[in-house]
Amino acid sequence: MKKAGLLFVFALLLTFTSFGQDQKAMLSSKDPQLAKNKKLIYDFWREVLEGGHLELADKYLLPTYIQHNPNVPTGRQGFIDFFSKFAKPLAIKATVKAPLISIVAEGNLVVLSFKDEHPDPKVKGKKYVTTWFDMLRVENGKIAEHWDSALKN
């Protein structure tokens, strides 16, 4: 029991110190292809998702893009149609605005993890912090597939 508690505290410390991590440092890798894949996903996130520049979707997404989020249609055009309902082009920031914890790449997969805050269902007026993950698959220099933990609306 003590060991589990210590591991939990260590994990929390690691997670909370990661919130302030330099995003540019997260893009590095000893493997140039992994670094390239991380940068592709990072730029897509900044420019298309956060920046609302759906006209750049062709630069990042394959036409056959597969979407596993149950709320967003599959295909590049399905992605554009869905996000065009509410995305408004903004100035593209140098870093990801969402509280990015880490970017991990292995093979052709890139995982982004974010701090995610929600209202506590048990304590009115309180919030709790958890982590959100997005995983994307890169194929031929573009995004081919996306997974996250979104539930159906």
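Above this text you will find the structure in question.
Rules used in this analysis
- Think of each chain on its own: its residues are numbered from 1, step by step along the sequence as written.
- Note on the predicted model: pLDDT of at least 70 is required for a residue's local features to be given, and 80 or more for side-chain atom pairs to be given and counted; whole-chain, interface and lining totals, by contrast, use all residues.
- Values reported for side chains reflect all heavy atoms of the structure, with hydrogen atoms and water molecules removed beforehand.
- Secondary structure elements follow DSSP: runs of H or I no shorter than four residues count as helices, runs of E no shorter than two count as strands, and numbering proceeds from the N terminus.
- Buried means the residue's accessible area, taken with a 1.4 Å probe over protein chains only, is under 20% of the maximum for its type, while exposed means over 50%, and partly exposed covers the values in between.
- By definition, residues are in contact when any of their heavy atoms lie within 4.5 Å.
- Each accessible area is a Shrake-Rupley estimate made with a 1.4 Å probe; only the visible protein chains count as cover when residues are assessed.
- Take the buried residues of types Ala, Val, Leu, Ile, Met, Phe, Trp, Tyr and Cys, join any two whose side-chain atoms come within 4.5 Å, and each joined set is a nonpolar core.
- A pairing counts as a salt bridge when a side-chain nitrogen of Lys or Arg comes within 4 Å of a carboxyl oxygen of Asp or Glu.

Novice: Let's hear about the overall build of the chain: which residues, and what values?
Specialist: Counting its secondary structure elements, the chain contains 5 helices and 5 strands. When each of the 153 residues of the chain is scored for burial, the buried share is 38%. Here the contacts in the chain between residues at least 6 apart in sequence split such that 52% fall between residues at least 24 apart. With the model as given, the accessible surface of the chain reaches about 9,700 Å², and the carbon-plus-sulfur share is 62%.

Novice: Tell me what's going on with the nonpolar core, and back it up with residues and numbers.
Specialist: Ranked by internal contacts, the top residues of the largest apolar core, which has 30 residues, are Ile41, Phe44, Phe79, Leu100, Ile103, Leu112 and Ile143. Contributing elements (two or more residues each) for this core: helix H3 (32–50), helix H4 (57–60), strand E1 (61–67), helix H5 (76–83), strand E2 (100–106), strand E3 (109–119) and strand E4 (127–139). Per-element accounting of this core gives the leading share, 7 residues, to H3. The residues contacting Ile103, other than those within four sequence positions of it, are Met26, Leu27, Lys38, Tyr42, Val110, Val111 and Leu112.

Novice: How would you sum up the environment of Ala35? Please name residues and give values.
Specialist: Take Ala35: it is sitting in helix H3. Between the alpha carbons of Ala35 and Val104 there is a distance of 9.6 Å; along the sequence they are 69 residues apart.

Novice: So, the pattern of salt bridges: which residues are in play, and what are the values?
Specialist: Inspection of the entire model under this criterion finds 8 salt bridges. Measuring nitrogen to oxygen at the nearest pair gives 2.9 Å for the salt bridge that ties Asp43 to Lys39. One end of the pair is Asp43 and the other is Lys39, both in helix H3 and 4 residues apart, which spans about a single turn. Its relative accessible area of 11% is what places Asp43 among the buried residues. In this structure, Glu47 engages Lys59 in a salt bridge whose closest nitrogen and oxygen atoms are separated by 3.5 Å. Of this pair, Glu47 sits in helix H3 while Lys59 sits in helix H4, and the two are 12 residues apart along the sequence.

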